[in-house]
Amino acid sequence: MDVSKPAKAVRDVVGTAAEKVADALTPDVPGAPGSAPPTVEEPTTPREPLPPKAEQGAPETRTPTGAPTGAPTTANGQQGAFLTTAQGARLRDTDHSLKAGPRGPVLLQDHHLREKITHFDHERIPERVVHARGAGAHGVFEAYGTAGGVTKAGFLAKGRTTDVFVRFSTVLGSRGSADTVRDTRGFATKFYTDEGTFDLVANNMPVFFIQDAIKFPDIIHAGKPHPDREIPQAQSAHDTFWDFVSLHTEAQHHTMWNMSDRGIPRSYRMMEGFGVHTFRLVNAAGETALVKFHWKPKLGVHSLTWEEAQLLGGVDPDFHRRDLYDAIEAGAFPEWELGLQVFPDTPEETFAGIDLLDPTKIVPEELAPVQPVGKLTLNRTPTNFFAETEQVAFHVGHLPPGIDVTNDPLLQGRLFSYVDTQLTRLGGPNFSQIPINRPHAPVNDMLRDGFHQQAVHAGVAPYRPNSLDGGNPFPAGDDDGAFVDVPVQVTQAPKVRANPVSFDDHYSQARLFWLSMSPVEKEHIVRAYTFELGKCYHQAIRERQLQCLANIDPVLCAEVATGLGLPAPEPTVPLADAAPSPALSQVGGQWPADGRTVGIVVDPRAGLDDVDEVRRAVFAAGMVPLLIAPHGGRVGDLPVQRTFATGRSVEFDVLLLAGAPAPAPDASPARDAKAGAADSATVDPRVLLLVDECWRHAKAIGAWGAGVDVLGQAWVAGTPGVVAGGSGAEVFAAVQRLLAAHRVWERFPASVA
Ligand code: HDE
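Residues numbered from 1 in each chain as written. Predicted model: local features only at pLDDT ≥ 70, side-chain atom pairs only at ≥ 80, totals over all residues. Heavy atoms only, no water.

Asks: What is the right way to look at helix H15 (residues 609-620) in this model?
Replies: Its 12 residues place the ends of H15 17 Å apart at the C-alpha level, agreeing with the 16 Å of an ideal helix rising 1.5 Å per residue. If you check which residues of H15 are buried, you get Val-611, Val-614, Arg-615 and Val-618. Down the axis of H15, the smallest arc covering the buried residues is 105°, so these residues share one side. Exposed and facing more than 90 degrees away from the buried side of H15 are Asp-609, Arg-616 and Ala-620. Of the surrounding elements, those touching the buried residues of H15 are strand S14 (597-601), strand S15 (624-629), strand S17 (638-639), strand S19 (654-657) and helix H18 (728-739). Just downstream of H15 lies Gly-622, where phi reads positive at about 80°. (Helix = DSSP H or I, 4+ residues; strand = E, 2+ residues; numbered from the N terminus. Expected span 1.5 Å × (residues − 1). Buried < 20%, exposed > 50% of the residue type's maximum accessible area, 1.4 Å probe, protein only. Arc of directions from axis to C-beta. Contact = heavy atoms within 4.5 Å.)

Asks: It is not clear to me how the environment of Ala-729 should be interpreted in this structure. Could you clarify?
Replies: Within the element layout of this structure, Ala-729 appears in helix H18. A relative accessible area of 30% places Ala-729 in the partly exposed class. Considering only alpha carbons, one finds Ala-729 and Ala-352, 377 residues apart in sequence, at a separation of 52 Å. Excluding residues that lie within four positions of it along the chain, Ala-729 makes contacts with Glu-613 and Val-614.

Asks: Teacher, can you tell me more about the sheet that holds S15 here?
Replies: What links the strands of a sheet is backbone hydrogen bonding, and the strands pair in either a parallel or an antiparallel sense. If you trace the six strands from one edge of the open sheet to the other, you get S18-S15-S14-S19-S20-S21, paired in parallel fashion. Unpaired on one side and paired on the other, strand S18 (642-643) and strand S21 (722-724) mark the two borders of the sheet. Alignment of S19 against strand S20 (residues 701-703), held across three bridges, turns out to be parallel. For Leu-656, the partnering residue across the bridge sits in S20 and is Gly-702. The strands touched by H15 are S14, S15 and S19; relative to S15, the strand with the most contacts, the crossing angle is about 150°. Here helix H16 (residues 685-696) sits on the sheet in contact with S14, S15, S19, S20 and S21, set at roughly 145° to S19. (Pairing = 2+ DSSP bridges. Axes fitted to C-alpha atoms, helices over the stretch in contact; angles between N-to-C directions.)

Asks: For this particular structure, what's the right way to read the state of the cysteines?
Replies: Note on terminology: disulfide describes a covalent bond linking the sulfur atoms of two cysteines. Considering all chains together, one arrives at zero disulfides under this definition. Between Cys-536, a cysteine without a disulfide, and Cys-548, which holds the nearest cysteine sulfur, the sulfur-to-sulfur distance is 12 Å. Residue class for Cys-536 comes out buried when judged on its relative accessible area of 3%. No disulfide involves Cys-548; its nearest neighbouring cysteine sulfur is the one of Cys-557, lying 9.6 Å away. Judged by relative accessible area, which is 3%, Cys-548 ranks as buried. (Disulfide = S-S within 2.5 Å.)

Following this line, the structure appears as structure tokens:
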């Protein structure tokens, strides 16, 4: 019988490297599951549970009321070598129901069967109504001590370190939706301070769609899938979203951020974070200041290209989650600086004419610099996604002494919403006793009973005042670190459903953002609006949004109108006289490349000496090399991570070509549609596709040796950001320099100034 080409290739690999197969699977890049390599045979000798993976962290083992237990974090995990019931009785068999004879029926008395099925039936909890799709990690925050002048919060005192858990998220999609959709990202941080937990529940954009929380259900209903067909998932490119934001023009500033590259981050590690609202800080002397919180990523702010984001939605819907966890596992710990913009606490609550209570406005950093107050490092992945990332419960009202809220009407509504939603999502009022939510400060709250109560409260008097429990708990005074409700003066005014007049300006800062963009970023904004509005069915909605764009900028409006085939309207309001804020642009700098991914195409027939050296150089530079070869297993002594069939350019930040591999045995459209018309090619067409995609996504490409021929065949030789010749190490060094700018922007000159 004829052996097909791909089957033969597999046999060849297995045949030539049979003795190495188990070894070939040994992980040397991040991402392999399990803390020990599995054996081919099923293990049958009883042993204790394996330890967690080296990079995994878990909530500290505190009691439900915040006391340290000293137990290892594995104490919260499964115990013992043997399978048991939930009551700890050892079980002999979990594969067969208890039956009246081998042919049944099944007996109702089978407790193990019923327990197993019943528990499984209840494994799901309601997903978050927004921010359902997310990924969390453990870390530590170290304070610089520079905030002492404005706040008495102890965790910001010099040198103080505080454990944190951070959850990143998208807003609109369901739990199983793709990571790379165009959307705002959540950036929620739980600081386990010894004065009580502080939750900084932030986003990667500094403004919001609405000025008043009462409209939150409206914007979310408009952004979620249409209620009749439940499509589209995790998208803003649809009629109801644009219907709302074009009628409700205070959303235009946030919408502009979403249409910019900020809406499609390259990585959670490469996002800024913003507390959005203005908060009020109080220092040890009782003086107050108004502040905005900022997270600044060490790696800079970077984005995907739109086509990458779309391809990743199919090729790797877990792209951001994988990137975060792989980076931590590789030791490339993500870092951010926490910074404050500080404003005087005046009765008007404005700064440079900007209303600090309006969450659709920023204060440009050029007017109020961001002052660093500490550093966040994420250094542990979760041990259990559900226990940690899914059950973590944030709340904007979780504040330590020294930080207080303002009257921002959006913030005020959030103060209600977050507990309310956890009651349903986490099944009752005791969610703060779930391990990931347990405070690292002593808890004595007089809250009692309720579903899933885990504390065993002693005493008889959970009320105040009491004498039966010796008066405990006592109110804390100023010297005991009590929380400070700042006694802000409330202005005498009639009770109204109305906004301050300053909230009526809906366009000036959208224009400020547009004018602050570099030409290439403007191109991306034009194409995002054109794509999204092009996906709407109704012309009336497109026309209405074009009118909003006309009120922001005539060039932007005209470019989008051209793409939609509609006339560009005239503005209906005078164009704002906005000064650009260069800090808003993400291009033009040089940044570290920690944890970036380097794809290396190899040809097993060619020499691999250079490849090994380059691979080591990539590791040494704190990046992750992925070898891409015609087949899996090994090439020479080197492990293959991707084949031409499984690899896709969107997984890599840069591409290196160490060879010009001939079409592999599976380079046939019948086996891999990407192979296209393989017959006439001398290089595997999937390699040419890798080059083509990397090129159009403005990624640096390097080639040496036979790899240089591939550049010619792909028609990219000699173009910007394509490095050829020299040794592998020299090529990698040149590509590394290009990567510092994130992309080779000059490859595509912009048409919008
Ligand atoms: Fe949220 N938001 N939000 N939000 N939000 C939630 O709380 C809400 C807003 C943000 O990883 C929910 O536990 C209202 C602004 C993040 O667990 C819910 C309003 C900002 C997360 C809720 C806002 C955020 C949430 C859903 C308008 C940036 C994910 C599940 C007043 C500063 C937290 C949950 C996580 C989650 C309500 C507006 C950030 C329903 C009513 C502005 C990062 O309570």
